[in-house]
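# Structural features, examined
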Amino acid sequence: MSPILANLSQYQAKTKEELPIIVTILDAYDSLSQTDNRKDGIDNLLVKLLREGAALGMYLVFSAGRYNAIRMNMMANIQTKLALFLNDDGDLGNLFGREKLAQVEIPGRAQIKLEEPLALQIYLPVKGDSEVDILIALEQEITAMIDSWSGNLPEAIPMVPDELDTKTFDNYISKTSDHVLYLGLNKASSEPETFELFKGRTLGIFPETVKQAKVIYPFLTEQLLNQVSNEKIIVIDTNNGLDFLRSNVSLYVGKKMIKAEPQLVKDALEDLIEKDASMQQLVIINGVSDIFEKLSITPDLVLDIIGLQNINVQLIFMDNMSRIANSYSITGPLKENTYQLLFGGDLNTQRFIDNLSMDVKKEVHAKNVLHVIKDEELFNIVVPTEKEGE
């Protein structure tokens, strides 16, 4: 566009060239993760579009479910604001000020801020006496539209299914590889997340509760048994939570043996560091906070074990997340030296990552969802689980 022309209208008047109007539609803006490293860049582009786009014939239409998810510099540049029924009446006041209208909980009923707030009834594409009826009718209408369409359709947007079992998960994996642990589906990209074994990297898996552990451990441990021959697997288990692996590994050290022979177990851990393993070994330590405490392992030795980078020794640490959060001597070494951390629960009590917004900390997730920290990035995965009865 010529620098002497201020807007699209001037350009078209001078050049007699008709340019298209561009409308960008962004649904569920507040679903953008606050921890995604790309969010600041996206927000900066949106602010620029809001400020400068209209003069150039480019407009932004976006929706959000929460008022406080929208940055103030974005809100200040939104010329037309429309609100459907909001659970928090305070959000309505923030949008429209004292001139806000009283809310009416009717499907499609809204208010829009022009010169002053006005009541608005949005056209509903289907009829229904309740929200459920409307949703069912809408799904039927969408199906009918797809069936009657004879033109090209865009590729479906990848989505993590509501229920992810192991058979469904297998469909997302185009080709399996040796010594690769498939952890689950990334909630943002719907792509499988993996961990490569025997690369000199450690893995930490910390479910929130025993119940969550029972949901996710079978899927992960079954893969380990298939990926590594049982004569190469050692399990050190302080709470007998992995007792079901006892007959499938070369050495199982349970709670009773740890109590009876603590020095023997401690010596074995020291050998992992001091001796160069000539053969591959998978070592799973379940109850890692307890093992270090009960064996009176020094902080330096804790750091050496967690930071071990031996391509022939694959270390996997497991524990209850609450124990990890309360064990100050181990949280730091795990955070700094574990290549990939998987953990459950809310983000309000964890100490692996700082400076999270309160909205992110309060997010509630299903039992088969884990937080993941990898390459200093925080994201979520859905771990496949077997359907009841299978």
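Provided above is the structure to which this section pertains.
Small disclaimer: the values here were computed from a predicted structure and weren't measured.

Taken in spatial order, the 3 strands line up as 3-4-5 in an open sheet, and their pairing is antiparallel. At either margin of the open sheet sits one strand with a lone partner, and together these are strand 3 (81-83) and strand 5 (117-121). Within this sheet the neighbouring strands show an average axis-to-axis angle of 25 degrees, counted without direction.

Counting 39 residues, the largest nonpolar core has Ile205, Val235, Leu282, Ile284, Ile316 and Ile381 as the members making the most contacts within it. When contributions to this core are tallied by element, the ones reaching two or more residues are strand 6 (180-186), strand 8 (203-206), helix 7 (210-227), strand 9 (233-237), strand 11 (281-286), strand 12 (313-318), strand 14 (369-374) and strand 15 (377-382). Sorting elements by how many residues they give to this core places helix 7 first, with 6 residues. Those residues in contact with Ile316, other than ones at most four positions away along the chain, are Leu203, Ile205, Leu224, Leu282, Val283, Ile284 and Ile285. Counting residues in each nonpolar core, the second largest holds 36 residues, with Val302, Phe317, Leu334 and Phe343 among its members.

On to the packing of helix 11 (residues 299-306) against helix 13 (residues 328-337). Look at helix 11 against helix 13: their axes get within 9 Å of each other, and the N-to-C directions meet at 30 degrees. Here helix 13 runs roughly parallel to helix 11, going by the angle between their axes. Crossing of helix 11 against helix 13: the hand is right-handed. For the pair helix 11 and helix 13, contact is made by Val302, Leu303 and Ile306 and by Ser329, Ile330, Pro333, Leu334 and Asn337, respectively. Taken together, the residues that form the contact of helix 11 with helix 13 break down as 6 nonpolar, 2 polar and no charged.

In this fold, Gln340 is placed in strand 13 (residues 340-343). The residues contacting Gln340, other than those within four sequence positions of it, are Leu183, Thr194, Phe195, Thr202, Leu203, Gly204, Val372, Ile373 and Lys374.

With that settled, the discussion passes to unusual backbone geometry. One non-glycine residue, Lys16, lies in the positive phi region at around 60 degrees. Relative to the assigned elements, Lys16 resides in the loop between helix 1 (8-15) and strand 1 (22-26). Judged by relative accessible area, which is 70%, Lys16 ranks as exposed. Positive phi, close to 55 degrees, is recorded for His179, a residue that is not glycine. In this structure, His179 sits in the loop between helix 6 (166-170) and strand 6. The exposure class assigned to His179 is partly exposed, which follows from its relative accessible area of 25%.

Bringing the pairing of strand 11 into the picture now. One face of the sheet, then the other: side chains in a regular strand alternate in exactly this way. Within strand 11, 5 of the 6 residues are buried, which leaves the element mostly enclosed by the surrounding structure. Bridge count between strand 9 and strand 11: 5 bridges; the pairing is parallel. Within the sheet, the bridge partner assigned to Ile236 lies in strand 11 and is Ile285. Across 6 bridges, strand 11 lies against strand 12 in parallel orientation. Directly across from Gln281, in strand 12, lies its bridge partner Val313.

Moving on to the environment of Gly204. Tracing the backbone through its elements, the reader meets Gly204 in strand 8. Using a relative accessible area of 0% as the deciding quantity, one classes Gly204 as buried. For the pair Gly204 and Leu347, spaced 143 residues apart in sequence, the C-alpha separation works out to 16 Å. Once you skip the residues sitting within four places of it in the chain, Gly204 turns out to touch Phe317, Thr338, Gln340, Leu341 and Leu342.

It is worth spelling out the environment of Phe198 at this point. With respect to the helices, strands and loops of the structure, Phe198 is situated in the loop between strand 7 (192-196) and strand 8. With 37 residues separating them along the chain, Phe198 and Val235 place their C-alpha atoms 16 Å apart.

Attention shifts here to the packing of helix 9 (residues 262-274) against helix 11. Where helix 9 contacts helix 11, the two axes come as close as 9 Å, and the packing angle between them is 55 degrees. The angle between the axes of helix 9 and helix 11 places the two elements in the oblique class. Along this stretch, helix 9 crosses helix 11, giving a crossing that reads as left-handed. Here Lys266, Leu269, Glu270 and Ile273 of helix 9 lie close against helix 11, whose contacting residues are Leu301, Asp304 and Ile305.

All right, on to helix 1 then. Taken together, the buried positions of helix 1 are Leu8, Tyr11 and Gln12. In a view along the axis of helix 1, the buried residues occupy a sector of 95 degrees, so they form one face of it. Opposite its buried face, helix 1 presents the exposed residues Ser9 and Lys14, each directed more than 90 degrees away. Sitting at the amino-terminal end of helix 1 is Asn7, which places a side-chain oxygen 3.2 Å from the backbone nitrogen of Ser9. Looking at the residues trailing helix 1, positive phi occurs at Lys16, about 60 degrees.

It is worth spelling out helix 13 at this point. Among the residues of helix 13, Ile330, Thr331, Pro333 and Leu334 are the ones counted as buried. Contacts made by the buried residues of helix 13 are with strand 8, helix 10 (288-294), helix 11, strand 12, helix 12 (321-326) and strand 13.

Here we come to the sheet that holds strand 14. Two orientations exist for strands paired in a sheet by backbone hydrogen bonds: parallel and antiparallel. Spatially, 10 strands are ordered 7-6-15-14-13-8-12-11-9-10 in an open sheet, and the strand pairing comes out mixed. Both edges of this open sheet fall to strand 7 and strand 10 (251-253), since each of them pairs with a single strand only. Ignoring which end each strand starts from, the neighbouring axes of this sheet average 25 degrees apart. As paired strands, strand 8 and strand 12 are joined by 3 bridges and run parallel to one another. What sits directly across from Gly204, in strand 12, is Phe317. In the packing of helix 9 onto the sheet, contacts are made with strand 9, strand 10, strand 11 and strand 12, and the angle to strand 11 comes to roughly 135 degrees.

Procedures and definitions
Here, residues in each chain are numbered from 1, in the same order as that chain's written sequence. Given that the model is predicted, a residue must reach a pLDDT of at least 70 before its local features are reported, and side-chain atom pairs must reach 80 or more before they are shown or counted; all residues, however, enter totals for whole chains, interfaces and linings. With hydrogens and water excluded, all non-hydrogen atoms of the structure serve as input to the side-chain values. Pairing between two strands requires that DSSP report at least two bridges joining them. A run of H or I in DSSP becomes a helix once it reaches four residues, and a run of E becomes a strand once it reaches two; helices and strands are each numbered from the N terminus. Every angle, taken between N-to-C directions, lies between 0 and 180 degrees, and every axis is a line fitted to C-alpha atoms, over only the stretch in contact when it is a helix. For the purposes of this section, nonpolar cores are sets of buried Ala, Val, Leu, Ile, Met, Phe, Trp, Tyr and Cys residues that join through side-chain atoms within 4.5 Å. Each residue is placed in one exposure class: buried if its accessible area under a 1.4 Å probe, protein chains only, is under 20% of its type's maximum, exposed if it is over 50%, and partly exposed if it falls in between. Every residue pair with non-hydrogen atoms within 4.5 Å of one another is taken to be in contact. By definition in this entry, angles of less than 35 degrees are roughly parallel, angles greater than 145 are roughly antiparallel, angles of 65 to 115 are roughly perpendicular, and the rest are oblique. Take the far helix as your reference; a near helix turned counterclockwise from it by less than a right angle gives a left-handed crossing, and one turned clockwise gives a right-handed crossing. Only Asp, Glu, Lys and Arg are considered charged, only Ala, Val, Leu, Ile, Met, Phe, Trp, Tyr, Cys and Pro nonpolar, and every remaining residue, Gly among them, polar. In this description, the arc belongs to the directions extending from the helix axis to the C-beta atoms. Within 3.5 Å is the distance limit for a polar contact, defined as a pair of N or O atoms, with the added protein rule that one can donate a hydrogen and the other accept it, and that residues adjacent in sequence qualify only through two side-chain atoms.

Limitation: the analysis is restricted to geometry and does not speak to function.
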